[in-house]
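# Commentary on secondary and tertiary structure
Each chain is listed here by its residues.
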Amino acid sequence: MIHMRHMFFLHLTLFITISACVQKPEDETALMELFKKEKVLSCQLASMKDSITTEWDNINLLLEEKLPLDMPLEEKKNILKVRNASLIRMFQSFSDMEEDVKTALSRTERLDREMSKRITVLKHKIQKLESEKMVLLQSINQRAGTDEVARLKTMYQYSPGYRPPVSARSHALINFMAYESIVHGSEGSYRSLSGRFPGLNIDPPQAGVMFNWEVCLNAAYEKGFELYFPIAPSEQKFQMLDVSHALRANLQSSVSIDIYQRSVEYGQYIAKTIYDWSAEDNWGHESYLKNTDPTYRPPSGENLWKPTYPDFLPALLPHWGKVRTFAALTTDVVPPPPTFSTSPSSQLYQEAMATRTLVNDIKAGGRKEDLWIAEFWSDDCPILTFSPAGRWVSIINQLIAIERLNMMETVTAYAKLGMALSDAGVRCWGEKYRFNCLRPIDYIRDYMNEPNWNTVMCPDGSGGFYTPNFPTYPSGHATFSAAASVVLADVFGKNYTFTDRSHEGRTEFRGMPRTFNSFKEMALENAYSRVPLGVHFQSDSDAGSDLGFVIGSRVANLPWQ
């Protein structure tokens, strides 16, 4: 049966968390120091064990040579077996032993007593380190996603090309690997998804032999990150190596060599099998290398999207709607957007007016609550903030720390969330480029007589603001958040009250935690936040939410159990 161990949560926190800020990594540095200290102490224990074992081996060789030849065989076996000088003295034959044997036994007894004292001291030190690590890990997990968790920052933030849909797909596949690497250790409580997806068949672990499921998990994660982040900067790769080496060393010290090696091989097999399957998806594979298509020409028209001020970047992932999904269907679509019109009485004009008014009021110093909501959910600024999908990883990290899920429950939750976010990105982007609707900035500038109007998204320090480089309808944030909210409700409950501390301690904007009565409430606020930010119409957010709720339900209804 799979049990929770603290190392697993370190692994997920450091490998998966998408950090919000760039601050000094006090917790992570301290944690790695604790791992190093524990490893040193463990090595000292191992060295002591080797030393005393060698001493007793030498004593037994001496005893075998010196014990009387006519000594009963069972008595001789017992003397050689006990490896305890005090007990050996209790044998009747001890008094007849030669003086050099008695001297050697006395020397070994003194060494044994000294070792015993040192072992007690070292064990107490190791236990203290374990307690310190648990406290530190709990602290890290409770603040997962904030500036204090972010030495790794992470792969998603600093790896070029990992834009929201791409990072969501990588997150889904890596956590799918994790799920499959340990699902057979759940004793039937959870089911493998092998055979559920066309072309993917995963062999179960060899029957009748022992596996360490935590080792399997660690191996799958490590291999998964190696495969899906080949272009990550060297600094992040070195940091990942430091973490994985510490985890591996800890596991190796507690698992027999044959079980460890067998478990590593199975975890790596799972990762490679799923990776090879994912590589068959030409539209999604290595998409971090092809964020844009130089041959893509967006359709032109007064109601259609075009590269926007101030950077006029080309369309992001115009073919992403063709990427393979886990549960979402091609029939999961949004209704047509509001009819394009410049009439003040039209729905689109009224929605544009609402967006313009909110932004203008915020710029004038008003609408403090709307500004808080807008910035709280923004997650648009590379390196500085989360990605839209990564925000929900921060949220689930906090939830897992609060609820103390076991290892299988945790991995399943991550896998569900990953698949929901990945499918949300695929279907949302498919719909974006099916309709190619223009952004509010262009509608307001071109048709509402405000040629210099701009959003309040991602200030660059010089008064400049931005708009995402893809069509507006439906909203990606809304789709991601709605899909995530469904799977989180499936895991933690529909009416779960939660305080999101993802931005706690921020100084660039109001980062105070916000409390919600349900995940759906969180999702709907996230969807709305795009309007006062100035990058969406309300209909974009409404359509994205409806689409995301459907996608989340499809993922939650996969045959997990």
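Residues numbered from 1 in each chain as written. Predicted model: local features only at pLDDT ≥ 70, side-chain atom pairs only at ≥ 80, totals over all residues. Heavy atoms only, no water.

Attention now moves to the overall build of the protein chain. For the protein chain, the helix and strand inventory stands at 18 helices and 2 strands. For the protein chain, with 561 residues in total, the buried portion stands at 56%. At a minimum sequence separation of 6, the contacts of the protein chain that also span at least 24 residues come to 82%. If you sum the accessible surface of the protein chain, you get close to 24,000 Å²; carbon and sulfur atoms cover 53% of it. (Helix = DSSP H or I, 4+ residues; strand = E, 2+ residues; numbered from the N terminus. Buried < 20%, exposed > 50% of the residue type's maximum accessible area, 1.4 Å probe, protein only. Contact = heavy atoms within 4.5 Å. Areas by Shrake-Rupley, 256 points an atom, 1.4 Å probe, with all protein chains shown as cover.)

Bringing the nonpolar core into the picture now. Residues Phe176, Tyr179, Ile274, Trp392, Met419, Trp429 and Phe492 are the most contacted members of the largest nonpolar core, which totals 94 residues. Tallying contributions element by element places helix H14 (residues 407–435) first for this core, with 16 residues. Those residues in contact with Ile274 that sit more than four places away from it in its chain are Leu173, Phe176, Met177, Glu180, Leu200, Ile202 and Tyr228. (Core = buried A, V, L, I, M, F, W, Y, C linked by side-chain atoms within 4.5 Å.)

Next up on the list: the side chain of Ser518. Following the sequence through the fold, Ser518 ends up in the loop between strand S2 (514–516) and helix H17 (519–533). For Ser518, a relative accessible area of 13% corresponds to the buried category. Non-local contacts of Ser518, meaning those with residues more than four positions away in its chain, are made with Lys494, Asn495 and Tyr496.

What follows deals with the packing of helix H8 (residues 213–228) against helix H10 (residues 257–279). Packing of H8 against H10 brings their axes to within 7 Å, and their N-to-C directions diverge by 40 degrees. Crossing handedness for the pair H8 and H10: right-handed. Contacts from Val215, Cys216, Ala219, Ala220, Lys223, Gly224, Leu227 and Tyr228 of H8 reach H10 at Tyr260, Ser263, Val264, Tyr266, Gly267, Gln268, Ala271, Lys272, Ile274, Tyr275 and Ser278. Taken together, the residues of the contact of H8 with H10 break down into 12 nonpolar, 5 polar and 2 charged. (Axes fitted to C-alpha atoms, helices over the stretch in contact; angles between N-to-C directions. Left-handed = near helix turned anticlockwise from the far one by under 90°. Nonpolar A, V, L, I, M, F, W, Y, C, P; charged D, E, K, R; others polar.)

With that out of the way, let us pick up the confidence of the model for the protein chain. Across the protein chain, the average pLDDT comes to 83, with 81% of residues at or above 70. Segment residues 1–25 is flagged for pLDDT under 50; beyond a separation of four residues in sequence, or across chains, it makes 107 contacts in the model. Considering only residues more than four positions removed or in separate chains, one finds that residues 140–155, a stretch of pLDDT under 50, has 66 contacts. (pLDDT = per-residue confidence, 0-100.)

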